[in-house]
Amino acid sequence: MPAVSKGDGMRGLAVFISDIRNCKSKEAEIKRINKELANIRSKFKGDKALDGYSKKKYVCKLLFIFLLGHDIDFGHMEAVNLLSSNKYTEKQIGYLFISVLVNSNSDLIRLINNAIKNDLGSRNPTFMNLALHCIANVGSREMAEAFASEIPSILVAGDTMDSVKQSAALCLLRLNRTSADLVPMGEWTARVVHLLNDQHLGVVTAATSLITTLAQKSPDDFKTSISLAVARLSRIVTSASIDLQDYTYYFVAAPWLSVKLLRLLQCYPPPEDAALRSRLTECLETILNKAQEPPKSKKVQHSNAKNAVLFEAISLIIHHDSEPTLLVRACNQLGQFLQHRETNLRYLALESMCTLASSEFSHETVKTHIETVINALKTERDVSVRQRAVDLLYAMCDRSNAKQIVAEMLSYLETADYSIREEIVLKVAILAEKYAVDYTWYVDTILNLIRIAGDYVSEEVWYRVIQIVINREDVQGYAAKTVFEALQAPACHENLVKVGGYILGEFGNLIAGDSRSSPLVQFNLLHSKFHLCSVPTRALLLSAYIKFINLFPEVKATIQDVLRSDSQLRNSDVELQQRAVEYLRLSCIASTDILATVLEEMPPFPERESSILAKLKKKKGPGNLPDIDDARRNVNGSTEHSENTEATKKGTTHPFTDLLNLNSTPSAGASLLVDVFSESPAPPSVDVCEENFLRFVCKNNGVIFENQLLQIGLKSEYRQNLGRIYVFYGNKTSTQFLSFSTSVASHDLLKTQLNVHAKEVDPLIDGGAQVQQMLNIECVSDFTDAPVLNIQFRYGGTLQNIAVKLPVMLNKFFQPTEMTSQDFFQRWKQLGAPEQEVQKIFKAKHPMDTDVTKAKILGFGVALLDGVDPNPANFVGAGVIHSKCTQVGCLLRLEPNTQAQVKVKKHTHTHRFIPVLTRDIACVTVSSLFQMYRLTLRTSKDSVSQRLCDLLSEQF
C-alpha cells in the first residue's frame, strides 16, 4: 500500500474533529454538525467544481458524522466519483464511504459495479485490492451476479500478485456465504486446491478458509485437498519457529493456518491411503507431543495459540474416531487441563471429553478422570463449567459407576444453579433407570430426587417411576413401603404426594398387614396432605380413595364420609365435585364383584417412546443433539452418551417407555412388525452403501453414511433380544430437504428372523438442521444378513435416493457371561462336536496392540475372561446370544502370534537347452514372517459359530 504523503493530511477534517471533541454538550455537538452539513451541502451544490482533494475531505467528514450516529442522506454520488480517481487516497476514501454507507439495494450499485470492473481490469494490485474489499464488504446479490464468475479467474491466474490472491479468496468466500447459488463451480475449483502449495502462507491461509466452506457443500470436488492439506500441515508442525518467522506467533508456527487446515480435514473421513493416513497420524502425534513440552513463553498469547492448535487437533481425532491410541492420548491430554488454573481451558476440556466419552475406544479412559470431574462439580466457581461437568458425568456413566455418579449429581442438585436444575433432574432420572440393576435403588433415587428438587421434577419423571413399579411385581411392595415412609415427613412436595397416592392406591394392600401401615393409617396419611395440594393432585387422591374402598372394605365408611362432605360435593371445582359424586355413588350401589372389576389393579403399560428423553433433547436444543462422531459435532452436534433406558414388564425387558401421557397413542400389539401393507411406493433401486458396515461390528455409535448433501449417524443400544437405534439425519446444505421419508427393507427370510419397526420422521429438514428417527429391533432367531435403510427426499427439485445397510449384526444381541477357568473349559469340552466349532487362521491387518484387541472383543459383546487361558497372551471370551426363540451360548478364543512363520510356495521358471528349447517349472518354498491370529469359536449352533467368526475376524 503506498505511503500517504504529508500533504494528504486533510487539515480541515482534523479541525472539524477537534471542534466536535471540544463540544461541552450534546446540543453543542449537534449544532456544530448541522453547520458542517450545511457547508458541505452548499459546496456539493455550488457552481464551482470541486477538485479531488476537496471531495475526499468532505466525504471523509460525512463518514465521520455517520460514525457519530447521525443520518447522512447526500454525498453518495461524490463518493462514487472518487472511485474514478487515479490517486490511491481518493479512491480509498470513495470505497470506504461506499462500503459503510451504500445500501445493497441502492440505485448507485450499477455505477459502483462499473468502477469496480475498471479497477479489477486495471491489473494495478492496489486498485484491485480496494475493489475486492468493497465487493466483500457490500456483498450484495447484484455484485455477486456481476463478479462471481470473474473473481475465480483472478484467484487462479498465474500472474496475480499474492496480496490480490488473498483478497480474491476471501472475497469469493464472502460471496459464497451470501449468494452460494451464484458462485459457479468450474475448472477453477481444481486449480484453487493447488493454492495450498503456494509459497506465500497468507495465500494458503485465505485459500484454506475458502476450500473448507466449498468442501462442506461439495466434498467430492475438493477431495484432492486432503493430501495437500496433510502435506502442508506436516511441514508446519515439524518446522522450527525460526523457519516461518513472518508467520510465527509467540513461538507457535502459523497457528491460524494450522487450525484452518485441521478444520478442512474434518470435512472428510480418515484418508484411505495408508501412507497419507500415517503422515496425518504423525502430525497429530507431534501436536500432542508439543503440548507436553515446557512453554517457550509465559505470555498468555503463547498458550492461547498453542492450545488452539491442540484443541482443533483433538477435534479431528474425535471426528475420525478410528485411531484408539490417539483417542486415548487426546483424552489424557484433556485430563491434564481439567485442573488447569485457566477457566476457559477447563471448560473446553470438559466439553471435548463429553464427545470422547461416546467413543468406543476412549470411554474407559474418560472414566479414569471421574474423581477430577466430581471435584470440579463441587468446587468450580463458574456455573457454565459446572454444567459441562454434569454433562461429562452423564456421558461417562455406565453400569460400573452409575450409583456413584447419580449420588454425586443428587448431592450437587441441592446447591445447583436454578437454570440447570431441571436438566440435571432429567439426567438423573434417565441414568437411574437405565443402569438400575436393583429397582429398589431406582425407587429410592427418584423419591430422593423429588425430595431435593421437587419443583423441577416434571410430570414425565414421576409418570415414569409409577410405570416402572406397575410393570415390575418384585418392586411393588418395596415402593409402597418406601413412599409410605416418605409421606410421613411434615413437609412433602406435591409430586411426592402424587406418587404416594398412585402407588398406595394400587399396592397399599402389600403393606397393610403391618399395624403401623394399616389401611386406616394409610388413608389418614394421604388425606392429611389433601388440603395442601392443587386441584389435579386432589383429583388423583380421590381416585386413590375409591381404590382403597376396593382394597380395604373396613375403611369404606370413613372414605364415604369424606366423599359426601360439603367440601367435596359442593366443591367449586367441577372436576373434583364430579369425581366425589360419582365415586360416592359407585361405592354405594355397586356390588363387591362389580367394584373389584371396575377398580381392578392397573395392567402393565404398553411400550411408548420415552417422553423424558424427548424432554431432555428439547431442553438441550436441536444444536445439541447427541454428537455422532462427533461431531461428533454437527453436522456433528452436541454430545450425549447413549441415553436409552429400559423397563421390565413382568420379567421381560422392554425398551424405554412412557406413562400416563393421554395424548399419545399406545403402540399396537404388533408394533415391532414392519407394515407390509403400506401403500407408499417402493423406492427405486439404488446401490446399497456398505462402506462403513464392518466398522460397527465392535462399536454402536458413529457415522454410517456421508456425502455432500446428507450425513447419517447412528446411536444404538441392545438389551437381550431387543435393540433400539437412533438415526440422525443431518442436512449439510443450506437448502431445505422436502418430502423426506425413510423405510427399512428386508428380504423374506430376514423378515422371519428380525423384526424392525421405524418411527415416523419429519418430512422437512431445514438447511444445516438435524432430525432424529428411532428404530425398534427384535431378534426372533439367528440371522446372517442385515436390513437396508432406504432414504428418499427432494433437494433442489431433484429426487434423491440413498440406501444404507444397517449395522444390525448377530453379535449385537450378546449378553456377556462371566465364567471361572474351570467352568469355561468344562463348557468348552461340552461344545466339542465338529459342527459346533469354527476355526480361522488369518493374517493381522493392523499392528497387534493388547489394549485395542481387548476393546474390540469387549465391543463385540462378550465378557473378556482374564486368567482363564494358560497362555496370558491369548484372549478368551464368553457370552450368550439372545433371540426370541432360543439362546445360544458362545465361547471364543483368540490366539495372536506376533512372528508366525508362513511357508509360501513360489513358482520359478528355468530354461534348459537340450536339443530342443524346453521350459521346466520348479517349485521353491520361501518362508516369510507375518503377524497371525487363530480364532476359535464354539457355540451350540453351527450357523451362529460361522457368522460370529466371519464378523470378528474382519476386525483384526
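Structure: see above.
Here we summarise the structure given alongside this text. (Residues numbered from 1 in each chain as written. Predicted model: local features only at pLDDT ≥ 70, side-chain atom pairs only at ≥ 80, totals over all residues. Heavy atoms only, no water.)

## Considerations on the pairing of strand β6 (residues 701-706)
Point 1. Summarising burial for β6: five of the six residues are buried, a large majority.
Point 2. Pairing analysis gives five bridges linking β6 to strand β7 (residues 710-719), with the strands arranged antiparallel. Within the sheet, the bridge partner assigned to Val 703 lies in β7 and is Gly 713.
Point 3. Here β6 folds back onto β7, and the loop between the two strands holds three residues. (Buried < 20%, exposed > 50% of the residue type's maximum accessible area, 1.4 Å probe, protein only. Helix = DSSP H or I, 4+ residues; strand = E, 2+ residues; numbered from the N terminus. Pairing = 2+ DSSP bridges.)

## Considering empty space enclosed by the protein
Empty pockets left among the atoms are what a rolling probe the size of a water molecule brings to light.
Point 1. The space that makes up the second largest cavity amounts to roughly 90 Å³.
Point 2. The wall of the second largest cavity is formed by 13 residues, among which Thr 281, Leu 284, His 320, Ser 322 and Glu 323 lie closest to the centre.
Point 3. Per element, the largest residue contribution to the lining of the second largest cavity is four residues, and it comes from helix α15 (residues 274-292).
Point 4. Here the lining of the second largest cavity is composed, by residue class, of seven nonpolar, three polar and three charged. (1 Å grid on protein atoms, 1.4 Å probe; cavity = no way out; pocket = protein on both sides within 12 Å on 5 of 7 lines; lining within 4 Å. Points joined across faces, edges and corners; volume = space filled by probe spheres on them. Nonpolar A, V, L, I, M, F, W, Y, C, P; charged D, E, K, R; others polar.)

## Side note on the packing of aromatic side chains
Point 1. Under the defined criterion, the tally for this structure stands at 21 aromatic pairs.
Point 2. Between Phe 548 and Phe 552, the aromatic rings sit 5.4 Å apart at their centres with planes inclined by 80 degrees, giving edge-to-face as the arrangement.
Point 3. Of the residues examined, Phe 548 reaches a relative accessible area of 0% and is grouped as buried.
Point 4. When the ring of Phe 814 is compared with that of Phe 860, the centres are 5.9 Å apart and the planes differ by 55 degrees; the resulting orientation is tilted. Remark: Phe 860 occurs in helix α37 (residues 850-860) and Phe 814 occurs in strand β14 (residues 814-816); sequence separation between them is 46 residues. Across the pair, exposure class does not vary: Phe 814 and Phe 860 are buried alike.
Point 5. Members of the aromatic cluster, each reached through a chain of ring pairs, are Tyr 729, Phe 737, Phe 740, Phe 793 and Tyr 795.
Point 6. A cation over an aromatic ring shows up here: Arg 41 above the ring of Phe 74, its NZ or CZ 4.3 Å from the ring centre. (Phe/Tyr/Trp six-rings, centres within 6.5 Å; stacked < 30°, edge-to-face > 60°. Lys NZ or Arg CZ within 6 Å of the ring centre and 35° of its normal.)

## Observations regarding the sheet that holds strand β10 (residues 754-758)
Point 1. Read from one edge of the open sheet, five strands run β6-β7-β8-β11-β10, paired in antiparallel fashion. Looking at the sheet topology across the chains shown, the edges are occupied by β6 and β10. The sheet shows a mean angle of 25 degrees between the axes of neighbouring strands, taken without regard to direction.
Point 2. Sheet topology places β7 next to strand β8 (residues 722-731); 10 bridges connect them, and they run antiparallel. Residue pairing for β8: Ile 712 is matched across the bridge by Tyr 729. (Axes fitted to C-alpha atoms, helices over the stretch in contact; angles between N-to-C directions.)

## Let's talk about the side chain of Asp 391
Point 1. Its location among the elements puts Asp 391 in helix α21 (residues 383-396).
Point 2. A distance of 2.5 Å separates polar atoms of two side chains, one belonging to Asp 391 and the other to Arg 388. (Polar contact = N/O pair within 3.5 Å; in protein donor to acceptor, adjacent residues only side chain to side chain.)

## Brief notes about helix α27 (residues 494-507)
Point 1. For α27, built from 14 residues, the straight-helix expectation of 20 Å at 1.5 Å per residue is met to within 8% by its first-to-last C-alpha distance of 20 Å.
Point 2. Extensive coverage of α27 is indicated by the burial of 13 of its 14 residues. (Expected span 1.5 Å × (residues − 1).)

## Some words on the pattern of salt bridges
Point 1. Here the structure, examined in full by the defined rule, presents 36 salt bridges.
Point 2. Residues Asp 198 and Lys 165 are paired through a salt bridge, measuring 3.8 Å at the closest nitrogen-oxygen approach. Here Lys 165 lies in helix α10 (residues 162-178) and Asp 198 lies in the loop between α11 (188-193) and α12 (201-217), a separation of 33 residues in the sequence. Across the pair, exposure class does not vary: Asp 198 and Lys 165 are buried alike. (Salt bridge = Lys/Arg side-chain N within 4 Å of Asp/Glu carboxyl O.)

## Some remarks on helix α28 (residues 519-527)
Point 1. Considered for burial, the residues of α28 that qualify are Pro 519, Gln 522, Phe 523, Leu 525 and Leu 526. Projected onto a plane normal to the axis of α28, the buried residues spread over an arc of 160 degrees and lie on a single side.
Point 2. Packing partners of the buried residues in α28 comprise α26 (473-486), α27, α29 (535-551) and α30 (556-563). (Arc of directions from axis to C-beta. Contact = heavy atoms within 4.5 Å.)

## A few points about a nonpolar patch on the surface
Point 1. Together, Leu 67, Leu 96 and Val 100 make up a nonpolar patch on the protein surface, roughly 270 Å² of accessible area in all.
Point 2. With respect to the secondary-structure elements, Leu 96 resides in helix α5 (residues 88-101).
Point 3. A residue is classified by how much of its surface remains accessible, and Leu 96, at 41% relative accessible area, is partly exposed. (Patch = residues over 30% accessible without salt bridge, like charges linked within 9 Å, V, L, I, M, F, W, Y side chains within 5 Å. Areas by Shrake-Rupley, 256 points an atom, 1.4 Å probe, with all protein chains shown as cover.)

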